[in-house]
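Chain by chain, the residues run as shown.
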Amino acid sequence: MLVNTDIEAEWLAEAVRLATDNVANGGGPFGALVVKDGERVATGINRVTANLDPTAHAEVVAIRAACQALGTFSLEGCVLVSSCEPCPMCLSSALWARVDRVVFAGDRHDAAKAGFDDLAFYELFDQPRESWTMPVTRLSTVDGTAPFTAWLDHPARVEY
């Protein structure tokens, strides 16, 4: 993929402006946009407190809006541009959306200095699950494969 750093700098400036404006409006300091073929498809701002939704990070909001605007769940051919390095949830969302690239301005250390958990979550994922403060365990008394069998047997499934 050919990269034009001047254009990307403009996209990053817009993401940072979105984030800064969101702070002025009572929201969190995060902004993002999705770009396809050099054109902005959608934007997102942090809506966690406004929507009472811990998943309403700017990147996720932008990904959701881009999918709606493009009428697809796959953002192949798109770039996710964020005012800050995406947290693990947002990075996973970008992977699931199949974006081609992620470009960001601030990083997880900048977010940590401002009181956000991004760095702590990245560090948590480097630790064995047994050491996490929130237990994540598999209970094998129920057949967890039944939904996957149903999926594989469903003739009209839409692969993603």
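Note that the coordinates shown come from a computational prediction; the quantities given were computed from them, not determined experimentally.

## Details of the packing of aromatic side chains
Describing an aromatic ring pair means giving the distance of the ring centres and the angle of the ring planes. A complete count under the given rule lists 5 aromatic pairs for this structure. Arranged with centres 4.9 Å apart and planes meeting at 85°, the rings of Phe30 and Phe116 form a pair that is edge-to-face. One end of the pair, Phe30, is in the loop between helix H1 (5–24) and strand S1 (31–36); the other, Phe116, is in the loop between helix H5 (108–113) and helix H6 (118–125), and 86 residues separate them in sequence. The buried category is assigned to Phe30, whose relative accessible area is 10%. Take Phe116: its relative accessible area is 31%, and that puts it in the partly exposed class. Between Trp96 and Tyr160, the aromatic rings sit 6.2 Å apart at their centres with planes inclined by 50°, giving tilted as the arrangement. Separated by 64 residues along the polypeptide, Trp96 in helix H4 (residues 88–97) and Tyr160 in the segment after helix H7 (146–153) bring together distant segments of the chain. The exposure classification of Trp96 matches that of Tyr160, with both residues exposed. Site record: aromatic cluster; members linked through ring pairs are Phe73, Trp96, Trp151 and Tyr160. The ring of Tyr122 has Arg108 lying over it, and the distance from NZ or CZ to the ring centre is 3.6 Å.

## Section: the UniProt feature "domain: CMP/dCMP-type deaminase" (unreviewed entry) in the protein
Per the UniProt entry, the sites bearing "domain: CMP/dCMP-type deaminase" (unreviewed entry) are residues 6–119 in this numbering. End C-alpha to end C-alpha, residues 6–119 measures 29 Å, and it is 47% helix and 23% strand.

## Things to note about helix H3 (residues 58–70)
With 13 residues, H3 should reach 18 Å at 1.5 Å per residue; the first-to-last C-alpha distance of 18 Å fits that figure. Looking at H3, one finds that the buried residues are Ala58, Glu59, Val60, Ala62, Ile63, Ala66 and Cys67. Count one or two residues on from H3 and you reach Gly71, which has phi positive near 65°.

## Remarks on the pairing of strand S2 (residues 39–45)
Pairing geometry for S1 and S2, over 6 bridges, is antiparallel. Of the residues in S2, the one forming a bridge with Lys36 is Glu39. Adjacent in sequence and paired antiparallel, S1 and S2 are bridged by 2 residues, among which Asp37 carries a positive phi angle near 50°.

## Side note on unusual backbone geometry
We note that Asp37 has phi near 50°; this positive angle belongs to a residue other than glycine. Residue class for Asp37 comes out exposed when judged on its relative accessible area of 69%.

Basis of the calculations
Sequence order sets the numbering: in each chain, residues are counted from 1 along the sequence as written. Per-residue local features are limited, in this predicted model, to residues with pLDDT of at least 70; the limit for side-chain atom pairs, both in listing and counting, is 80 or more; totals at the level of whole chains, interfaces and linings are taken over all residues. The side-chain values count all of the structure's non-hydrogen atoms but skip hydrogen atoms and water molecules. Each Phe, Tyr or Trp ring (for Trp, its six-membered ring) is paired with any other whose centre lies within 6.5 Å, and the angle between the two planes then decides the class: stacked below 30 degrees, edge-to-face above 60, tilted in between. Runs of E in the DSSP output that reach at least two residues are strands. Runs of H or I that reach at least four are helices, and both are numbered from the N terminus. Per-residue accessibility, obtained with a 1.4 Å probe over protein chains only, is compared with the maximum for each type, and a residue is labelled buried under 20%, exposed over 50%, and partly exposed between these values. Whether a charge lies above a ring is judged from NZ of Lys or CZ of Arg, which has to be within 6 Å of the ring centre and within 35 degrees of the ring normal. UniProt positions are given in the numbering used here, feature names are shortened, and annotations may be inferred rather than shown by experiment. Expected span of a helix, by definition, is 1.5 Å for each gap between consecutive residues, and there is one gap fewer than residues. We treat two strands as partners when DSSP finds at least two bridges between them.

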